[in-house]
Amino acid sequence: MGIDIGKFLKNPEFEILITTYRDIFQVEALERDRFGEEYKKLSAVITMSKNDLQKTGFKSGDRVKLSNNNGTVVVEVKESKKNESGGLAFMVNSPWSNTLISGETDGKGIPEFKYIMARISLSKEEITPILDLIGAFHK
Amino acid sequence: MFTCTGCALLCEDIEAIIENNQIKEIRNACRRGAARMKGCANRLVSSIDQKPADIESCLKKAAEILRNAKSPMLFGLDNSTCEAQAKGIQLAKKTNAIIDDTSSFCQGLLIEKILQKKLRTCSLDDIRNKADVLVYWGSDAQDSQPRHLSRFSYFPRGESRQRGYEEDRLAIAIDVRESNTAKICKGHFYRIPLKGDKEFILALMEALSGKAPAYDTKNMLGLASILKKAQFGAIFVGIGLTYSIKNDFEILTALANMLPRFNIMPMVGHYNMRGFNEALFKETGFVNRVKFEGKVVNDNKFAVIEALKKKSIDALVVVGSDPVLSLPRSIISHLASIPVVCIDPCQTFTSRIATVNIPSAASGVESAGSAVRMDGKLIGIKKIIENNYMTDEDIMKRLMEAV
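About the thresholds
Residues numbered from 1 in each chain as written. Chains lettered and ligands numbered in written order. Predicted model: local features only at pLDDT ≥ 70, side-chain atom pairs only at ≥ 80, totals over all residues. Helix = DSSP H or I, 4+ residues; strand = E, 2+ residues; numbered from the N terminus. Buried ≥ 20, exposed ≤ 12 C-beta atoms within 10 Å, placed from the backbone. Contact = placed C-beta atoms within 7 Å. Pairing = 2+ DSSP bridges. Axes fitted to C-alpha atoms, helices over the stretch in contact; angles between N-to-C directions. Parallel < 35°, antiparallel > 145°, perpendicular 65-115°, else oblique. Left-handed = near helix turned anticlockwise from the far one by under 90°. Nonpolar A, V, L, I, M, F, W, Y, C, P; charged D, E, K, R; others polar.

Peer 1: Looking at this structure, how should I read the overall build of chain B?
Peer 2: When helices and strands are tallied, chain B shows 17 helices and 18 strands. When the backbone C-alpha atoms are referred to their principal axes, chain B occupies close to 65 × 50 × 30 Å. Expressed as a percentage of the 403 residues in chain B, the buried residues total 58%. Sequence separation of at least 24 residues holds for 69% of the intrachain contacts in chain B that already meet a minimum separation of 6.

Peer 1: Hey, could you run me through the environment of S80 of chain B in this one?
Peer 2: All names here are of chain B. Mapped onto the fold, S80 is located in the loop between β5 (72-76) and α3 (82-94). The buried category is assigned to S80, around which 33 C-beta atoms lie within 10 Å. With near-sequence residues (within four places) excluded, S80 lies in contact with Q85, N272, V319, G320, S363 and D392.

Peer 1: Can you walk me through the pairing of strand β2 (residues 45-48) of chain A in this structure?
Peer 2: Note on strand geometry: in a regular strand, side chains alternate between the two faces of the sheet. All names here are of chain A. Residue alternation in β2 divides its side chains into two sets, V45 and T47 and I46 and M48, and both sets are buried. Direction of pairing for β2 relative to strand β4 (residues 71-79): parallel, over a ladder of four bridges. Across the sheet, I46 pairs through a bridge with V77, a residue of β4.

Peer 1: Explain unusual backbone geometry here, please?
Peer 2: All names here are of chain B. For N20, which is not glycine, the phi torsion reads 55° and is therefore positive. Relative to the helices and strands, N20 is located in the loop between β1 (15-19) and β2 (22-27). Judged by local crowding, N20 falls into the exposed class, with 6 C-beta atoms found within 10 Å.

Peer 1: Looking at this structure, how should I read helix α17 (residues 392-402) of chain B?
Peer 2: Structural remark: α-helix, 3.6 residues per turn; residues separated by three or four positions point the same way. Residues of α17 of chain B that are buried include every one of D392, E393, I395, M396, R398 and L399 of chain B, and no others. Where the residues of α17 of chain B are buried, they touch α2 (55-68), α3, β14 (315-319), β15 (340-344) and β16 (356-359) of chain B.

Peer 1: In this structure, what is going on with the sheet that holds strand β7 (residues 133-137) of chain B? I would like to understand it.
Peer 2: Sheet strands line up and pair through hydrogen bonds in the backbone, either parallel or antiparallel. All names here are of chain B. The five strands are arranged β9-β8-β7-β10-β11 in an open sheet whose pairing can be described as parallel. Of all strands in the sheet, those bounded by a partner on one side alone are β9 (189-191) and β11 (262-266). Averaged over all pairs of adjacent strands, the angle between strand axes in this sheet comes to 15°, irrespective of strand direction. Bridge count for β7 against strand β10 (residues 233-237) is five bridges, and the pairing is parallel. For W137, the partnering residue across the bridge sits in β10 and is V237.

Peer 1: Would you mind showing me how to read the packing of helix α10 (residues 197-208) of chain B against helix α11 (residues 217-229) of chain B here?
Peer 2: Between two packed helices, both the angle of their axes relative to each other and the distance between the axes serve to describe the pair. All names here are of chain B. Where α10 meets α11, the closest approach of the two axes is 9 Å, and the angle between their N-to-C directions is 65°. By the angle class used here, α10 and α11 are roughly perpendicular. The crossing of α10 and α11 is right-handed. Each of A203, L204, A207 and L208 in α10 lies in contact with α11, whose residues at this interface are M220, L221, L223, A224, L227 and K228. The residue inventory of the contact of α10 with α11, partitioned by class, reads nine nonpolar, no polar and one charged.

Peer 1: Would you mind showing me how to read the pairing of β1 of chain B here?
Peer 2: Residues and elements named next belong to chain B. Bridge analysis of β1 against β2 gives five bridges, and the strand direction is antiparallel. Looking across to β2, one finds that E19 is bridged to Q22. Between β1 and β2, which pair antiparallel in sequence order, lie two residues; one of them, N20, sits at a positive phi of approximately 55°.

Peer 1: Is there a simple way to think about the interface of chain B and chain A in this case?
Peer 2: One frequently used descriptor of interface size is the decrease in accessible area upon assembly of the parts. Contact with chain B, which involves 42 residues of that partner, is made by 42 residues of chain A. Elements that contribute at least two residues to the side of chain B that touches chain A include exactly α1 (31-38), α6 (141-144), α12 (239-244), α15 (304-309) and α16 (323-326) of chain B. The dominant element in the side of chain B that touches chain A, judged by the number of residues it contributes, is α1 of chain B, at four residues. Of the residues that constitute the side of chain B that touches chain A, the class distribution is 20 nonpolar, eight polar and 14 charged.

Below, the structure is given as structure tokens:
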């Protein structure tokens, strides 16, 4: 068996623009149990257009790492069922999307919750557990 | 019939099937409302330093934290009754605290303009009875206020709109994505680029004044023509629009001035966020970001985001909110270095880091009172099941006595 060169290569990284939205099923899961698997399953997801999936080579079910100066999370990729032309990806509001949001507001007090620039690459890591996202703040 | 506290529509037609003083089933509510009223899986337990403690000790410790703080903040109260909000404002006043709520990074900008009467508005009942043109702008009501279209706007029959959506009403969506609400607005979905709302508004204003805008000329003239013909119109302003034009908010007023038969409706999520804004506005002239220090001071530096970022508060009391969930992660690190008091019916991400946790009754299920619907109408909230939890109002009152 030859050497798997692939494992030494860094996964290709792409720039991605993300906006956030609300989803009734995710909000329902939040009301029921914000520490539960259902909430994580519906939150730790990035939805991308078919065009963007073709460009990046990702497919539904892949795990991807999203990073920017504010933080890093691993989430699952889902293909959009809507008619989206591409260039914009979607995440529901949650601690996973909030990890990528800057605290800079020009002193106005309203962060850019709906405008996230990040880098995206394929990942073999597990979906970031919720307690990892809030763990740093435990006293 | 009971009132749902799932969102600021405050639906009053809820039926609850009770068995052994437990809610077995909720009828008529949407998924969000039913889930909220059935209750959470993880009830909050009273604790100090994350170790179980009796309620009296927790109240004593919370009062001590407030008393010792030089710059405390009271945050939340959007999921509390008007009665609890009034007590919360008095508590902030008594402790010279900063008081802020979720509207600070949500619809506060818009609600302030409405309360200042700088934007024309109407009731949801007016919309059900009279509205013929409905514009959902940066708002996916189907997912955030799921019964909005069926109870008040698009589908119902109204006094002047007997034929509802089939003939009498036209719904338009302006959004960056084809939301579930946009899907209903067939043939009238205007997709705009992220942060493209300002350019869209300016082009629409040109079209309304009879000029041919350079931006998407054909669609823009078509939309202007529909809006001009409306007899009674409503623009449902979602958070998507508010965020997009937050630095140029006056352009919404300018657009509204060109549409004299249209009313602006803030699409509010938390069931009594507008109640908080109205109560604080009545008391101080401001809807949020207020510091009491013998006098009332309103400043952006008292926004929860800025206060946490600049580490300018030394204690935080959170009522019915979960800032660790809803704020950018980069901002909330300051919470690790200050005492946090969490008052909530359920365990939250904030309760997991709180110094003191005080469980409260879930309003609309375990406690009664009143709340303000997204259109400003005061709605009664009933208690469904008997319980021993303290209400937010009781807790605010006890803290006020103890400090």
